[in-house]
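Single-letter residue listing:
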Amino acid sequence: MSKKIKSTQKTLSQQDILNRVLVTSIGLFVLLLFLAPLGYMFTTAIKSDEQMSDPDAPPWWPHSPVVINYEGEDLPLYEVPLEGGTRQLAMVEKTRQESLFVDPDNLDGGEIAWEGNWRTLEPVYEPDPKWGNFKVAWQELNVPRLLRNTLIIAVFGTIGAVGSSLFVAYGFSRFDFRGKNVMFMILIATIILPVQATLIPTFILFSRIGWTNTLLPLIVPHYFANAYNVFLLRQYFLQIPRELDEAAMIDGANPLRVLFSVILPNSIPALTAVSLFHFFFAWNDFFTPLVYLAAAPEWWPLSVGLQKFNALYGRQPNLIQTGALITLVIPVVIFFLAQRIFMQGIVFTGVDK
């Protein structure tokens, strides 16, 4: 009986190991699929202009043709099949019927004739990442100025969006007043209102008060709450037991003190999620800055500056990918640093009663 139990436990242990290996393998495979476009984007960013236009160049990693200097001229190397085997030779003269080569290891050995079309030969490449592309993109984009403008828009807009939504969500989740449900439904209904429907009236308003070509239209409106943020925070606040509010009120806390001493400490995941949502939205927003800052390039954020950069270097996709990578660094770092808290806010893990 004891041997049978041990055998069963051993079988279960082996199955558990196999299950873990299978789940881990699937997870790694999905992760590689997810990161594959980013990896290709990175390798493209450090390629040379010549490689981007060379159909024979290796597609996955930056390479450059291997050349040697012969009699003051740079000659490319090719894989040349000879009687003794394939050798890497430098082409001196090329024709369709016969081409002349020299041995890079023995330049004084004379020229070697090879019969055949030289176009059938494979050129020799060596790894050659162009890290200078990042310097070119950094200077041409004027990243410090664009980054300053983007951070001003994203940070101050996030503060206003989260702060205003916090008070509105607190009111809807903790207070009872006449017309509460109707007002909440009206607020949620604004989600289906497209930006294009209010674009012209808001632009006229901001134009008349002199806010165009400034950062104010990109920051101030976020201080009047947002239906998405209010909904997410309200749903989270409803999961916090009211007994905590009542205990604080017994100790003499007013509603504002309850908000800052009870609700906020228990809502860090939700606040983090809402903050990241708005920060990334403001970071990637292209349409609104383009409308209000068209005549003020000194206030352009990264999204608008990158679009102009793409238009100027449309024939150099390696530089375009380099500029895109530069704009991705900060959002990716922020997301990975706050990933755990962010996911907790998404699934709304409340406090158990």
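Being a predicted model, the structure only gives us computed values, none of them experimental.

1. Considerations on the overall build of the protein chain
The helix and strand tally for the protein chain stands at 15 helices and eight strands. Against the globule reference of 20 Å for 353 residues, the protein chain gives a C-alpha radius of gyration of 31 Å, more extended than a compact globule. Referenced to the eigenvectors of the C-alpha coordinate spread, the extents of the protein chain come out at roughly 100 × 90 × 30 Å. Counting over 353 residues, the protein chain shows a buried share of 33%. Intrachain contacts of the protein chain at a sequence separation of at least 6 include 64% that bridge at least 24 residues. Just so you have it, the protein chain exposes about 22000 Å², and 62% of that area is on carbon and sulfur atoms. Computed over 25 positive and 29 negative side-chain charges, the inter-centroid distance for the protein chain is 22 Å.

2. Remarks on a negative patch on the surface
Negative charge collects at one region of the surface, where Glu71, Glu73, Asp74, Glu93, Glu98, Glu111 and Glu115 lie side by side. Along the chain, glutamate 111 falls in the loop between β5 (98-102) and β6 (112-115).

3. Focus: the confidence of the model for the protein chain
Within the protein chain, residue pLDDT values average 85, and 93% of them lie at 70 or more. At the low end of the mean pLDDT range in the protein chain sits helix α15 (residues 339-347), at 62; at the high end sits helix α7 (residues 216-219), at 94.

4. Here we look at the side chain of histidine 63
By the secondary structure assignment, histidine 63 is in strand β1 (residues 63-65). Here the side chain of histidine 63 touches tryptophan 61 through a polar contact of 2.7 Å, landing on its backbone oxygen. Beyond its immediate sequence surroundings of up to four residues, histidine 63 is in contact with Ser48, Gln51, Pro58, Tyr125, Glu126, Pro127 and Asp128.

Each value, and the rule that gives it
- Residues numbered from 1 in each chain as written.
- Predicted model: local features only at pLDDT ≥ 70, side-chain atom pairs only at ≥ 80, totals over all residues.
- Heavy atoms only, no water.
- Helix = DSSP H or I, 4+ residues; strand = E, 2+ residues; numbered from the N terminus.
- Rg over C-alpha atoms; globule rule 2.2 N^0.38 Å.
- Buried < 20%, exposed > 50% of the residue type's maximum accessible area, 1.4 Å probe, protein only.
- Contact = heavy atoms within 4.5 Å.
- Areas by Shrake-Rupley, 256 points an atom, 1.4 Å probe, with all protein chains shown as cover.
- Lys, Arg positive; Asp, Glu negative; His and termini not counted.
- Charge placed at Lys NZ, Arg CZ, Asp CG, Glu CD.
- Patch = residues over 30% accessible without salt bridge, like charges linked within 9 Å, V, L, I, M, F, W, Y side chains within 5 Å.
- Salt bridge = Lys/Arg side-chain N within 4 Å of Asp/Glu carboxyl O.
- pLDDT = per-residue confidence, 0-100.
- Polar contact = N/O pair within 3.5 Å; in protein donor to acceptor, adjacent residues only side chain to side chain.

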